[in-house]
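# Structural characterization, general
The chain contents come next:
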Amino acid sequence: MGYIYKAIDRAKKQIQVNFKNVRSRYVVYTDIIDLRWNTQLHGPLHAAGYFLNPRYHYSSDFNATFDIKKGFYDVVTRMCSSAEERRNIDKQVELFTMAKDTRDRKHPGICLLTCNVRLVLMFFFCTSM
């Protein structure tokens, strides 16, 4: 599910390159993509899937925008009723994010072993739908 974020971003960048970064030439196409994205495709589960996917999270060009973080935390809020659970997930997300510098480059998902069960389940739930 998180793959859609990266695919949309790549498509828009490639359109810009194809039109030699002349905004007046490519804006019509990127506006169509944005309209479709905002009205039909964008959702918290896509954002959470993108945020929790180690392939993207640990890449050098990962950018957790406000929308991505908000979508992730919307899913956390919906899945976790207690504030204590949400605080625990916040701590685990911090570890997950910090693992970027220390992870095994051949096995980027290995840092997930430090996360609590709910966060791991959330990752698989969000990326498998």
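Up top is the structure.
The residue numbering used here restarts from 1 in each chain and proceeds along that chain's sequence as written. Reporting in this predicted model follows two pLDDT cut-offs: at least 70 for local features of residues, and 80 or more for side-chain atom pairs to be given and counted; totals over whole chains, interfaces and linings ignore these cut-offs and use all residues. Note that the side-chain values use all heavy atoms of the structure and ignore hydrogens as well as water.

### Examining the pattern of salt bridges
For this document, the term salt bridge refers to a Lys or Arg side-chain nitrogen within 4 Å of an Asp or Glu carboxyl oxygen. For the structure shown, the criterion picks out 3 salt bridges. Of the charged contacts in the structure, one is a salt bridge between Lys-12 and Asp-34, with a shortest N-O distance of 2.6 Å. On the criterion of sequence distance, the pair formed by Lys-12 in helix H1 (residues 3-18) and Asp-34 in helix H2 (residues 23-41) is long-range, its members being 22 residues apart. Remark: exposure states derive from per-residue accessible area (1.4 Å probe, protein chains only) relative to the maximum for the residue type, with buried under 20%, exposed over 50%, and partly exposed in between. A residue is classified by how much of its surface remains accessible, and Lys-12, at 23% relative accessible area, is partly exposed. Helix and strand definitions follow DSSP, with helices as H or I runs of at least four residues and strands as E runs of at least two, each counted in order from the N terminus.

### Re the packing of helix H3 (residues 44-52) against helix H5 (residues 66-79)
Running from amino to carboxyl end, H3 crosses H5 at an angle of 105 degrees, the nearest separation of the two axes being 7 Å. Accordingly, the angle class assigned to the pair H3 and H5 is roughly perpendicular. Of H5, the residues touching H3 (which contributes Pro-44, Leu-45, Ala-47, Ala-48, Tyr-50, Phe-51 and Leu-52) are Asp-67, Ile-68, Gly-71, Phe-72, Asp-74 and Val-75. Tallied by class, the residues present in the contact of H3 with H5 amount to 10 nonpolar, 1 polar and 2 charged. Fitted lines through C-alpha atoms serve as axes, helices being fitted only where they are in contact, and the angles separating the N-to-C directions of these axes extend from 0 to 180 degrees. Between 65 and 115 degrees an angle is taken as roughly perpendicular, under 35 as roughly parallel, over 145 as roughly antiparallel, and anywhere else as oblique. Here, residues are in contact when the closest pair of their heavy atoms is within 4.5 Å. Gly is placed with the polar residues, together with every amino acid not listed as nonpolar (Ala, Val, Leu, Ile, Met, Phe, Trp, Tyr, Cys and Pro) or charged (Asp, Glu, Lys and Arg).

### With respect to H2
By the largest-angle criterion, Tyr-29 marks the main kink of H2, which is about 25 degrees. Along H2, the residues that are buried comprise Tyr-26, Val-27, Thr-30, Ile-33 and Trp-37. Where the residues of H2 are buried, they touch H1. A residue's bend is simply the angle between two axes: one fitted to the seven residues ending at it, one to the seven starting at it.

Treat this as a map of the structure, not an account of what it does.
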